[in-house]
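Overview (structure and organization)
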Amino acid sequence: MSAIQDVIGNTNIDGTGRLHRTIDWTGAFWIASGVPALVLFSIGGIAGNVGTFAFMIWILSMAMGFIQSFTYAEIAGLFPNKSGGASVYGATAWLRYGKFIAPLSVWCNWIAWTPVLSLGCSIAASYILNALAPIPAADSTVVQTWLAAHAGAKPEDAIAALTPAIRTWSLISFHIPGIVDVALNATFVIGTVLMLAVFAIQHRGVLGTARVQMWVGLVVIVPMAIVGIVPLFNGAVDWNNFSPLVPLAAPYEATPGSWNITGWTLVLGAMFICAWSTYGFETAICYTSEFRNPAKDTFKAIFFSGLLCIVLFTLVPFTFQGVLGLNGMLATPIVDGSGVAEAMSHMVRGGEFVDGLLQMLMILALLLCIMTAMAGSSRTLYQGSVDGWLPRYLSHVNEHGAPTRAMWTDLVFNLILLSFASSDAASYFTILAISNCGYIIFNFLNLNAGWIHRIDNGHIKRPFKTPTVLIALGTLFSFVNAAFMGAGAKVWNPNALWMGFGAALLILPVFWYRHYVQDKGKFPEHMLDDIGLKGTDLAVRRAGFLPYLTLAAGIAVVLVTHFVFTL
């Protein structure tokens, strides 16, 4: 590593400090190791829409995500001095073709990743509440004793009387018509504490974060692998749970459907929401400017993270479905995530001790997801600010090289989302769907950034050059993803697509303020240093009208599929 690159990696444009080059690809791998646990966020929701076809959704989505990652690996290699992920690297490809298109990539990546904090904290808080203040089951001894002492009472009366007060406590709650319920309850309070704990860990910088996540990752990944493998050998898998291979007739009803318009809509909706989890290992390239040797570390980080995800995103959904069956997968505790640990214990035929251990591991798994999300999304905000897309205050880092102002922004935004996610499962999936609209937009722009960079910046040496056939497949998949969003977002909320577009368009006033008010219409001079360009070079558009045709075609795919596929 040259002295010049060390200076670039550690000193910001204003001299206030920058991200530190302190990790290699294994550090990024462990930070990204929280991604496989994302399967636990939506495993029940996907099964609730496509039934026995659910395990195939995870396999197909993971295969797409792995192929797409090769495009991201190539464009990341062009920018050894940037962090923030593929959205930042891809934004520079679109900059020639529209000032307001490029920041959309960065913004949509952030709104896709940041809700992991609130959603993960919400589920983790549910586990903590279940451990400390459980709601008694209808067949429990305490309920039966209460019923014996209250002649004529019903089980639901006993459950209501015996439910700990903290489970129903709420400081304030209200409904936002057509969107979500809001509640500041016990889940919100516990989730806030968890979020602050993650912030404290990441305040020490990327090296400290990687070290913590290595140990937490090992504690979480190994049991997930065990849960994915053991049922295949202990006879717990019932092979009848994989047929008939058709979607459901209607969401969350254990009635097989058919491959009609409704069935395909549910399948596309499942592929849409699954992408939020299976594509997520691309976060491994968020740390390019923190790698000691980015030329070698960048590809290794995303490739090996992808291999880990292939194993776990295939095994875990398969064995869950094989053991629990359709009715088990549609149970409320699986759909909302609160009963996943108990199900895992059942899968390996564990007793009370194993159940308690898996409850603890589930909390750690969720914290791992949260740490991964905060590390990646805060760096997207940071680099977006350094490059002139987002407000200047986000470019600050502390003495440990942690982008603390971006982290605080993540935290405050997610406290708001946590008040939604802590209310009910419907609000949870609404947030997930809106967030994933941003993720699909990000993927569309950046998969196409691969060929745009090839045309406009083909002369630049690439540490890793993806086979052209994979660039072409990534481009094709960008339109397939657009179809997933157009057809599938409505499955989770009738207005999710339009709310997702609205959330994406919020970048317009944000970018306008930064570019035209703070920067007087000019981008920072260092923004394109990695590829040796100046502002005047942006006028040369070798791709011609193709990027605009691509955008128009993508919008057309979204709209056509939205109106063709209906429930």
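Below you will find a few notes about this structure. (Residues numbered from 1 in each chain as written. Predicted model: local features only at pLDDT ≥ 70, side-chain atom pairs only at ≥ 80, totals over all residues. Heavy atoms only, no water.)

**Quick notes on the packing of aromatic side chains**
Throughout the structure, instances matching the rule amount to 35 aromatic pairs. Ring geometry for Phe66 versus Phe303: centroids 5.8 Å apart, planes at 45°, classification tilted. With Phe66 in helix H4 (residues 54-77) and Phe303 in helix H14 (residues 294-329), the pair connects residues that are 237 residues apart, well separated along the chain. When the ring of Phe444 is compared with that of Phe479, the centres are 5.3 Å apart and the planes differ by 90°; the resulting orientation is edge-to-face. Of the two residues, Phe444 sits in helix H19 (residues 425-456) while Phe479 sits in helix H20 (residues 468-492), which places them 35 residues apart along the sequence. Of the residues examined, Phe444 reaches a relative accessible area of 7% and is grouped as buried. Residue classification places Phe479 among the partly exposed residues on the basis of a relative accessible area of 22%. Through successive ring pairs, a cluster of aromatic residues spans Trp25, Phe29, Trp30, Phe66, Phe70, Phe299, Phe303, Phe304 and Phe464. (Phe/Tyr/Trp six-rings, centres within 6.5 Å; stacked < 30°, edge-to-face > 60°. Helix = DSSP H or I, 4+ residues; strand = E, 2+ residues; numbered from the N terminus. Buried < 20%, exposed > 50% of the residue type's maximum accessible area, 1.4 Å probe, protein only.)

**Describing the environment of Pro231**
Relative to the helices and strands, Pro231 is located in the loop between helix H12 (206-229) and helix H13 (261-278). Placed 92 residues apart in sequence, Pro231 and Val323 show a C-alpha to C-alpha distance of 7.4 Å. Once you skip the residues sitting within four places of it in the chain, Pro231 turns out to touch Ile226, Ala236, Val237, Thr319, Val323 and Met347. (Contact = heavy atoms within 4.5 Å.)

**Topic: the state of the cysteines**
One pass over the full model with this rule turns up zero disulfides. Among the cysteines around Cys309, which has no disulfide bond, Cys369 carries the closest sulfur, lying 10 Å off. The buried category is assigned to Cys309, whose relative accessible area is 1%. With relative accessibility at 1%, the residue Cys369 sits in the buried group. (Disulfide = S-S within 2.5 Å.)

**Some points on a nonpolar patch on the surface**
Judged by side-chain polarity, Phe100, Leu505, Leu508, Trp512, Tyr513, Tyr516 and Val517 come together as a nonpolar surface patch covering roughly 630 Å² of accessible area. Among the elements that take part in the nonpolar patch, helix H22 (residues 507-518) stands out by supplying five residues, more than any other. Looking at the element boundaries, Tyr516 is found in helix H22. Taking relative accessible area as the criterion, Tyr516 reaches 35% and is therefore assigned partly exposed. (Patch = residues over 30% accessible without salt bridge, like charges linked within 9 Å, V, L, I, M, F, W, Y side chains within 5 Å. Areas by Shrake-Rupley, 256 points an atom, 1.4 Å probe, with all protein chains shown as cover. Salt bridge = Lys/Arg side-chain N within 4 Å of Asp/Glu carboxyl O.)

**Observations concerning the nonpolar core**
Ranked by internal contacts, the top residues of the largest apolar core, which has 169 residues, are Phe41, Ile46, Val50, Ile57, Phe272, Phe320 and Trp389. In terms of residue count, H19 provides more of this core than any other element does, 17 residues in total. When near neighbours in sequence (up to four residues on either side) are disregarded, Phe320 contacts Ile43, Gly325, Met329, Val340, Ala343, Met344 and Met347. Ranked by size, the runner-up nonpolar core spans 12 residues in total, among them Ala32, Val206, Cys286 and Ala301. (Core = buried A, V, L, I, M, F, W, Y, C linked by side-chain atoms within 4.5 Å.)

**Observations regarding the side chain of Thr278**
With respect to the element layout, Thr278 can be found in helix H13. A distance of 2.6 Å separates the side chain of Thr278 from the side chain of Ser61, its partner in a polar contact. Filtering out sequence-adjacent residues up to four positions away, Thr278 remains in contact with Trp58, Ser61, Met62 and Phe313. (Polar contact = N/O pair within 3.5 Å; in protein donor to acceptor, adjacent residues only side chain to side chain.)

**Observations concerning unusual backbone geometry**
The amide bond that connects Ser243 to the next residue, Pro244, takes the cis arrangement and shows omega of -5°. Its location among the elements puts Pro244 in the loop between H12 and H13. Unusually for a residue other than glycine, Tyr252 sits at a positive phi of about 60°. Among the structural elements, Tyr252 can be located in the loop between H12 and H13. Positive phi values are uncommon outside glycine, yet Lys520 reaches one of about 55°. On the secondary structure map, Lys520 appears in the loop between H22 and helix H23 (546-564). A relative accessible area of 66% means that Lys520 is categorised as exposed.

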